[in-house]
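The lines below spell out each chain.
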Amino acid sequence: MPEIHSKSIYHGLPVFSSEIKGLTAIVTGPSGISGHQKLKVFCKTRVAGRNLRSQSSASWLSARGVCAVYVFCFAYIQPAPKGAGLWGAEEEMVNVNQNLLVNFLSSLNLNNTIPKRVLLQQESKYYGVHYGPASCPLEETDPRVLTGPSFYCDQEDYQKAFAEEHQIGWNTTRPFHIEEILQQPLEYHSSLKAWETNVSISSAQANGHLVEWAVLTEETKNERYRGVALVQAMKPPTRQSRFPPIHRTVMVLPTWVTSASIGQIGRTANWTKTPEVQKAWAEIAEKHGLREEFGDFDRVVGFADLLLALTWSISLSMSKAKKMRVFRVC
């Protein structure tokens, strides 16, 4: 039985041998919440991370001597909708994100820097939850949903073909949405029915520990794993009570919410344009050297509106990882 430990609100984390050290990793998409938290986890353990944004050509990699034992692909681009809601540019989304992965992995081949393992993070859209209710709990063995275009399927096929060609290992993880908001009351921007719907949430930091375990464990080679369900299928008020005060944000149900099946879409974008949020963004931008103007809120937070409007339950299964005696209590 593997040794496990707890860290803050995270439990059942695997303990690795002290002999595992001095490893290198390439993390794509480090500016997003997933990639950023993965880098934080790696930098505190045995992995020295290299982060890449859009510069993934072979010449760029070669000029900087970039090579790695492990590669983590978290990069994702959400094209602007074209008049049909959040998924109004599905074909473009497939093409852009498929090229993102293909170009990057091809550059590793051209630069002769083939890693030992390639991990690709997907999301629960793999199960078609953005189209309607799915069979819960969502599991790694569930069949693909072919209702519409899916770059997750195309990326997974290419990842596996790349790994097979170079005789290396692969992994995929599929967390659900990750919550990170201001530490102040947040007005719930959806319907009463959505408020009452049980939905799991994931944690970027907990998922960082999951992907580290996945690539460093020989028994997990060429396997898919769900993300870490930090809180399993609970309503917003119940979810909040599970977190210590330092990690807790009060979510308020406003008086305008009714029993309508779908909530008021677009209100999150309006919230992001308030002076309080704009001020918070300016402080974050100054602290981390980011651009001060962030005017594309409608595209960026559109996915958040969808998640808040969901009126069907989404539950993640972590049985596969728990059968290996890790992440048993999260």
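### Quick notes on the packing of aromatic side chains
Counted under the stated rule, the structure contains 6 aromatic pairs. A ring pair is formed by Phe-72 and Phe-74, whose centres lie 6.3 Å apart and whose planes are at 15°; its orientation type is stacked. Every member of this aromatic cluster is reached through a ring pair, and the members are Tyr-76, Phe-151 and Tyr-152. A cation over a ring is seen here: Lys-38 above Phe-74, with NZ or CZ 5.1 Å from the ring centre. Above the plane of the ring of Tyr-225 lies Lys-320, whose end atom (NZ or CZ) is 5.0 Å from the centre.

### Examining helix 6 (residues 204–216)
If you check helix 6, its first and last C-alpha atoms are 18 Å apart, about what 13 residues at 1.5 Å a residue would give, namely 18 Å. Most of helix 6 sits inside the fold, with 13 of its 13 residues counted as buried.

### Concerning the nonpolar core
Formed by 27 residues in total, the largest nonpolar core has its most connected members in Phe-72, Leu-119, Trp-213 and Phe-327. Those elements that place two or more of their residues in this core are strand 2 (10–14), strand 3 (23–28), helix 1 (33–43), strand 5 (70–73) and helix 6. Ranked by the residues each element gives to this core, the list is headed by helix 6, at 7 residues. In this view, Phe-327 contacts His-11, Gly-12, Leu-13, Pro-14, Ala-206, His-209, Leu-210, Trp-213, Val-228, Met-318 and Lys-322; residues no more than four positions away in its chain are not counted.

### Looking at unusual backbone geometry
Of the consecutive residues Cys-136 and Pro-137, the connecting peptide bond is found in the cis state with omega at 0°. If you trace the backbone, Pro-137 turns up in the loop between strand 6 (117–121) and helix 4 (151–166). Phi angles above zero are rare outside glycine, and Asn-112 is one such case at about 60°. Tracing the backbone through its elements, the reader meets Asn-112 in the loop between helix 3 (90–110) and strand 6. The class of Asn-112 is exposed, set by a relative accessible area of 67%. Non-glycine residue Gln-167 carries a positive phi angle of around 55°. Here Gln-167 lies in the loop between helix 4 and strand 7 (169–174). Of the residues examined, Gln-167 reaches a relative accessible area of 71% and is grouped as exposed.

### Details of the confidence of the model for the chain
Scored by pLDDT, the chain comes out at a mean of 76, with 74% of its residues at no less than 70. Within the chain, no element has a lower average pLDDT than strand 12 (residues 251–252), which sits at 48, and none a higher one than strand 6, at 95. When the criterion is pLDDT under 50, residues 52–56 qualifies, and its contacts beyond four places in sequence or with other chains add up to 15 contacts. Long-range and interchain partners of residues 243–251, a stretch whose pLDDT sits below 50, account for 29 contacts in this model, where long-range means more than four residues apart.

### So, the pattern of salt bridges
Taken as a whole and judged by the stated rule, the model has 7 salt bridges. Close ionic contact of Arg-174 with Glu-156 constitutes a salt bridge, the shortest N to O distance being 3.2 Å. One end of the pair, Arg-174, is in strand 7; the other, Glu-156, is in helix 4, with 18 residues separating them in the sequence. Note that Arg-224 and Glu-156 form a salt bridge whose closest N and O atoms lie 2.7 Å from each other. Taken together, the residues span a long stretch of sequence, with Arg-224 in strand 10 (residues 223–226) and Glu-156 in helix 4 at a distance of 68 residues. Under the relative-accessibility criterion, Arg-224 is labelled partly exposed at 23%.

### Overview of the packing of helix 1 against helix 6
Packing of helix 1 against helix 6 brings their axes to within 8 Å, and their N-to-C directions diverge by 60°. In terms of orientation, helix 1 lies oblique with respect to helix 6. Viewed along their axes, helix 1 and helix 6 form a crossing whose handedness is right-handed. Facing Ile-33, Ser-34, Gln-37, Lys-38, Val-41 and Phe-42 of helix 1, the residues of helix 6 in contact are Ala-204, Gln-205, Asn-207, Gly-208, His-209, Val-211 and Glu-212. By residue class, the composition of the contact of helix 1 with helix 6 is 5 nonpolar, 6 polar and 2 charged.

Analysis parameters
- Residues numbered from 1 in each chain as written.
- Predicted model: local features only at pLDDT ≥ 70, side-chain atom pairs only at ≥ 80, totals over all residues.
- Heavy atoms only, no water.
- Phe/Tyr/Trp six-rings, centres within 6.5 Å; stacked < 30°, edge-to-face > 60°.
- Lys NZ or Arg CZ within 6 Å of the ring centre and 35° of its normal.
- Helix = DSSP H or I, 4+ residues; strand = E, 2+ residues; numbered from the N terminus.
- Expected span 1.5 Å × (residues − 1).
- Buried < 20%, exposed > 50% of the residue type's maximum accessible area, 1.4 Å probe, protein only.
- Core = buried A, V, L, I, M, F, W, Y, C linked by side-chain atoms within 4.5 Å.
- Contact = heavy atoms within 4.5 Å.
- pLDDT = per-residue confidence, 0-100.
- Salt bridge = Lys/Arg side-chain N within 4 Å of Asp/Glu carboxyl O.
- Axes fitted to C-alpha atoms, helices over the stretch in contact; angles between N-to-C directions.
- Parallel < 35°, antiparallel > 145°, perpendicular 65-115°, else oblique.
- Left-handed = near helix turned anticlockwise from the far one by under 90°.
- Nonpolar A, V, L, I, M, F, W, Y, C, P; charged D, E, K, R; others polar.

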